[in-house]
Amino acid sequence: MAIRTMGPSGQYETGLDAAGAALPELLAPAGGLDQMLAAIAAGADAIYAGLGGFNARVSAHGFTDNEFARGCAVAHAHGVRVYVTLNVFVFDDELSDAVALGAHALELGADALIVADAGLACALRAAIPGVEIHLSTQAGAHSEGAVRLAADELGVERVTTARELTVDEIAALCATGVPIEVFCHGAICIGYSGACEFSALRRGRSAMRGDCTQPCRLAYDLVDEAGQSVVAVEGDRLLCPRDYLGIEHLPELVAAGVASLKIEGRMKNPDYVFNVVRAWRRALDMLRDGAWDAADVAALERELGRSFNRGFTDAYLRGRSGTELMSFERAINQGVRVGRLVAVGHEEVTVELDAAVAAGDTLEIRFYPGADARPDVPKRWPQVPCPVSAAAGERVAVHCKRKVDVDCEVYLIRSAGVLEQTAAALERMHAEADAVAPAVRAVEVLPFEGVLTDSIAPVAEPAELAESAEQGALARMLFAWELMDADPCDELDLSDATVVLDEVCRGGDVERARSLMQRAGRVVCRNLGQVAMARELGVAFDVAAPVFCTNRATLAWMRGLGAGRVYVPAELLGNDKERIAELAAEPGVLGPIDADHPELMVSEHCLLTAEGVCATDATGQVHCRDCSRRRQTRYLVERDGMRLPVAVDACGRTRIFLS
């Protein structure tokens, strides 16, 4: 593997594609030293990892300090950068420890820090001059305004965007000139990252604190007002999306100017990291060499299927978010299809292969009862070992005790070859890691706390606004997503109302948000893009989650931008109520904006598509605004019987609320 060199920008360069466009960095996950070494061996340009408890995968404690330092030394020897995730929201009593952890990570060899909390970003900037900070996707930067705000007001060197964006939206963000990092492969949260309190409010464990219980992978029912199920799809994983696969769109992403391609997976095994990074490295090399070929890309997709996946989708990149996004039947590894059964005998089946297999591979046979089968006949997915290596077109006999039928599809769900190749690569890399001497450097931490908390400005409350508020003129609070139906032509007079803007602000949402700001007496911004817009227009604004405020450093930053009132997230009123006492005591800090009806999540996916195919017009277009399903009462029902109200707005976005 060629050793990469550092260019004048401070980024490790991997060359240009055949058209002369700069190739993006390939950014790999690492939950431990083995994963880090596997990523380096497979050709990653950079690695992101957690160190300590302030990261969005708190259970991924895979590094000792010595391991991390040695991993960084090996990475740098190969021209690979290392980023440490500090991408959770922190409390006042944690700020010093989080800054100390960031400094410690840099001492051990990290090149940059990935941060979601604005207050922590400000603290790091004040304490460690020259520190490189990347904004996490948890911060919810979906629009050009949000990206510019993050760069100008937080000083971040890079912004990671939402998975929900299309290729064109990504290109628009890249055009700001701020380096943009996008996810290219791996698991998807069905809710917008940074805007989900489902786990916290229903399970007592916060996704914003790195402790998500993954409620989107569980079984649910969708019922009407009478409690009757309206689900028409096969399966009950109504919130479980497939995994992201953007490899077919690589030329478009490179042309868009993406700075970094991010692979999800800090909880994944080393063989996953090795196989996925290797496939993406090959794709980038093909593009660099002018050898991009659809057949070769399809082969790489099959290789990627040999590692854990819930099925693949590129729906978001194409501007789609319906059932093609979802894995309704199962939330576990789907593997990749390798053939079908052509004969069934006594405890033995014959598989006709359409892809190569190797001895030791684990195969899964997918049996579905026919339409005329008794209702009590279950689906079966027996997993069986492959006894021999064979090529596409060959037939192999496989031992199987479970009852299955001819024509059942056969999938490979565990590749012996990938495991062997990973083990060989790790053996080489460990020998290299054992031979290096970690270069620990000193990082000075300057005093910072007073600089931040002493700068909290008073509540921005013009005299005339305070007087009108006392008279109740702005007591009417309206939610923007509900106004889509109540005010479809954007013509209502809202000068006597406070309008709570949407949690999401993508490019297509900007003009509507602008109209609401210009007509409302006051607005509550729930996205950094809206904050940027409110400042540009000079309108009075407050902020609320998903613009998360959990410490006074963040409060100071928000007040510095011009925010008036700050509403704390609903999840903080549970176990963390005492920890935000100082924050809550500040003037203008209020309870949750949705205290009477807490929102669990907002999703680009329309949950009502589980009821069947959407109605279309004569041209085949779906018009969510005219959908009759949206006007009917719907509840998402958990296994314990809890009914969670569901609302879908005129854009087709789903909101799930706490009952």
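Worth saying up front: this structure is predicted, and the values here are computed from it rather than measured.

A.B. asks: What's the story with the overall build of the protein in this structure? I'm lost.
C.D. replies: From N to C terminus, the protein includes 18 helices and 29 strands. Its C-alpha radius of gyration of 26 Å places the protein within 12% of the 26 Å reference for a compact globule of 659 residues. Here the C-alpha coordinates of the protein stretch approximately 85 × 65 × 50 Å along the principal axes. Out of the 659 residues belonging to the protein, those deemed buried represent 57%. Partitioning the contacts of the protein with sequence separation of at least 6, the portion at a separation of at least 24 is 69%. In the form shown here, the protein has an accessible surface area of approximately 25,700 Å², with 50% of it arising from carbon and sulfur atoms. Across the protein, the centroid of the 63 positively charged side chains sits 5 Å from that of the 95 negatively charged ones.

A.B. asks: Even after reading the chapter, I still don't get the pairing of strand β27 (residues 634-637), so can you show me in this structure?
C.D. replies: Both faces of the sheet carry side chains from a regular strand, because those side chains alternate between them. Every second residue of β27 is oriented toward a common face, with R634 and L636 on one face and Y635 and V637 on the other, all of them buried. Inspection of the sheet shows strand β10 (residues 221-223) paired to β27 by 3 bridges, in the antiparallel sense. Opposite L222, over in β27, you have L636 as the bridge partner. Where β27 lies against strand β28 (residues 643-648), 4 bridges are found, and the strand directions are antiparallel. Bridge pairing in β28 places Y635 opposite P645. Once β27 ends, the chain turns through 5 residues before running back antiparallel as β28, passing G641 with a positive phi of about 95°.

A.B. asks: Help me out: how do you make sense of the environment of H134 in this one?
C.D. replies: Looking at the secondary structure, you find H134 in strand β7 (residues 133-135). Overall, H134 belongs to the buried group, its relative accessible area being 1%.

A.B. asks: I keep staring at the packing of aromatic side chains and nothing clicks. Help me out?
C.D. replies: Ring pairs (aromatic) are described by centroid distance and by the angle formed between their planes. All told, the structure shown has 5 aromatic pairs when counted by the stated rule. Ring centres of F198 and Y220 lie 6.4 Å apart, and the angle between their planes is 55°; this geometry places the pair in the tilted category. Of this pair, F198 sits in helix α7 (residues 198-203) while Y220 sits in the loop between α7 and β10, and the two are 22 residues apart along the sequence. As far as burial versus exposure is concerned, F198 and Y220 are alike and both buried. Between Y368 and W381, the ring centres sit 6.2 Å apart and the planes meet at 80°, which makes this aromatic pair edge-to-face. With Y368 in the loop between β16 (362-366) and β17 (383-385) and W381 in the loop between β16 and β17, this residue pair connects regions lying 13 residues apart in the sequence. Note that K262 overlies the ring of Y48, its terminal NZ or CZ placed 4.5 Å from the centroid. Over the face of the ring belonging to Y411 we find R366, whose NZ or CZ atom lies 3.6 Å from the ring centre.

A.B. asks: I'm lost on unusual backbone geometry in this one. Help?
C.D. replies: Peptide bonds are trans in most cases, and residues, glycine excluded, mostly fall at negative phi. Note the cis peptide between A545 and P546, where omega equals 20°. Relative to the helices and strands, P546 is located in the loop between β23 (541-543) and α17 (552-561). With phi around 80°, D407 is a residue other than glycine that occupies positive phi space. A positive phi is found at D490, a non-glycine position, where the angle reads about 55°. Looking at the element boundaries, D490 is found in the loop between α14 (480-486) and β21 (497-500). On the basis of relative accessibility, which here comes to 30%, the residue D490 falls in the partly exposed class.

A.B. asks: Teacher, can you tell me more about helix α15 (residues 510-519) here?
C.D. replies: Residues lying three or four places apart along an α-helix face the same way, a consequence of the helix completing one turn every 3.6 residues. Buried residues dominate α15, accounting for 7 of its 10 residues. For α15, the set of buried residues is V510, A513, R514, S515, L516, M517 and R519. Against the buried residues of α15 lie α14, β21, β22 (522-525) and α16 (528-537).

A.B. asks: Please clarify how the packing of helix α4 (residues 118-127) against α17 should be interpreted in this entry.
C.D. replies: A pair of packed helices can be characterised by two numbers: the angle between their axes and the separation between those axes. In the contact formed by α4 and α17, the axes pass within 7 Å of each other and the chain directions differ by 95°. The angle between α4 and α17 falls in the class roughly perpendicular. Seen from α4, the contacting residues are A118, G119 and C122; seen from α17, they are A553, T554 and W557.

A.B. asks: Where do I start with the side chain of E604 in this structure?
C.D. replies: Looking at the element boundaries, E604 is found in the loop between β26 (599-603) and β27. Separated by 3.4 Å, the side chains of E604 and R506 make a polar contact.

A.B. asks: Looking at this model, I keep getting lost on the pairing of β26. Mind explaining?
C.D. replies: Counting buried positions along β26 yields 5 of 5 residues, so the element is predominantly enclosed. Bridge analysis of β26 against strand β29 (residues 654-657) gives 4 bridges, and the strand direction is antiparallel. Its bridge partner lying in β29, M601 is registered against I656.

A.B. asks: Which parts of the structure should I look at to understand the pattern of salt bridges?
C.D. replies: Two side chains with opposite charge may pair up if their charged atoms get near one another. Taken as a whole and judged by the stated rule, the model has 59 salt bridges. Between R125 and E157 there is a salt bridge, with its nearest N and O atoms 3.6 Å apart. Note that R125 is positioned in helix α4 and E157 in the loop between α5 (144-154) and β8 (158-160), a separation of 32 residues in sequence. By relative accessible area, which is 26% here, R125 ends up partly exposed. The partly exposed category is assigned to E157, whose relative accessible area is 34%.

A.B. asks: Got a minute to help me understand the sheet that holds strand β15 (residues 348-353) in this structure?
C.D. replies: Note: strands within a sheet are paired through backbone hydrogen bonds, in either parallel or antiparallel orientation. Strands sit in the order β17-β16-β19-β14-β15-β18 across an open sheet of 6 strands; the sheet is antiparallel. A strand with exactly one partner marks an edge of an open sheet, and here the two such strands are β17 and β18 (395-399). For this sheet the average axis-to-axis angle between neighbouring strands, irrespective of direction, equals 40°. Bridge count for β15 against β18 is 5 bridges, and the pairing is antiparallel. In the strand pairing of β18, V349 is matched with V398.

A.B. asks: Before we go on, may I ask you to explain the sheet that holds β26 in this structure?
C.D. replies: Pairing within the open sheet is antiparallel, and its 5 strands lie in the order β10-β27-β28-β29-β26. The outermost strands of the open sheet, each flanked by one partner alone, are β10 and β26. Here the average twist between neighbouring strands, direction ignored, is 25°.

The rules we used
- Residues numbered from 1 in each chain as written.
- Predicted model: local features only at pLDDT ≥ 70, side-chain atom pairs only at ≥ 80, totals over all residues.
- Heavy atoms only, no water.
- Helix = DSSP H or I, 4+ residues; strand = E, 2+ residues; numbered from the N terminus.
- Rg over C-alpha atoms; globule rule 2.2 N^0.38 Å.
- Buried < 20%, exposed > 50% of the residue type's maximum accessible area, 1.4 Å probe, protein only.
- Contact = heavy atoms within 4.5 Å.
- Areas by Shrake-Rupley, 256 points an atom, 1.4 Å probe, with all protein chains shown as cover.
- Lys, Arg positive; Asp, Glu negative; His and termini not counted.
- Charge placed at Lys NZ, Arg CZ, Asp CG, Glu CD.
- Pairing = 2+ DSSP bridges.
- Phe/Tyr/Trp six-rings, centres within 6.5 Å; stacked < 30°, edge-to-face > 60°.
- Lys NZ or Arg CZ within 6 Å of the ring centre and 35° of its normal.
- Axes fitted to C-alpha atoms, helices over the stretch in contact; angles between N-to-C directions.
- Parallel < 35°, antiparallel > 145°, perpendicular 65-115°, else oblique.
- Polar contact = N/O pair within 3.5 Å; in protein donor to acceptor, adjacent residues only side chain to side chain.
- Salt bridge = Lys/Arg side-chain N within 4 Å of Asp/Glu carboxyl O.

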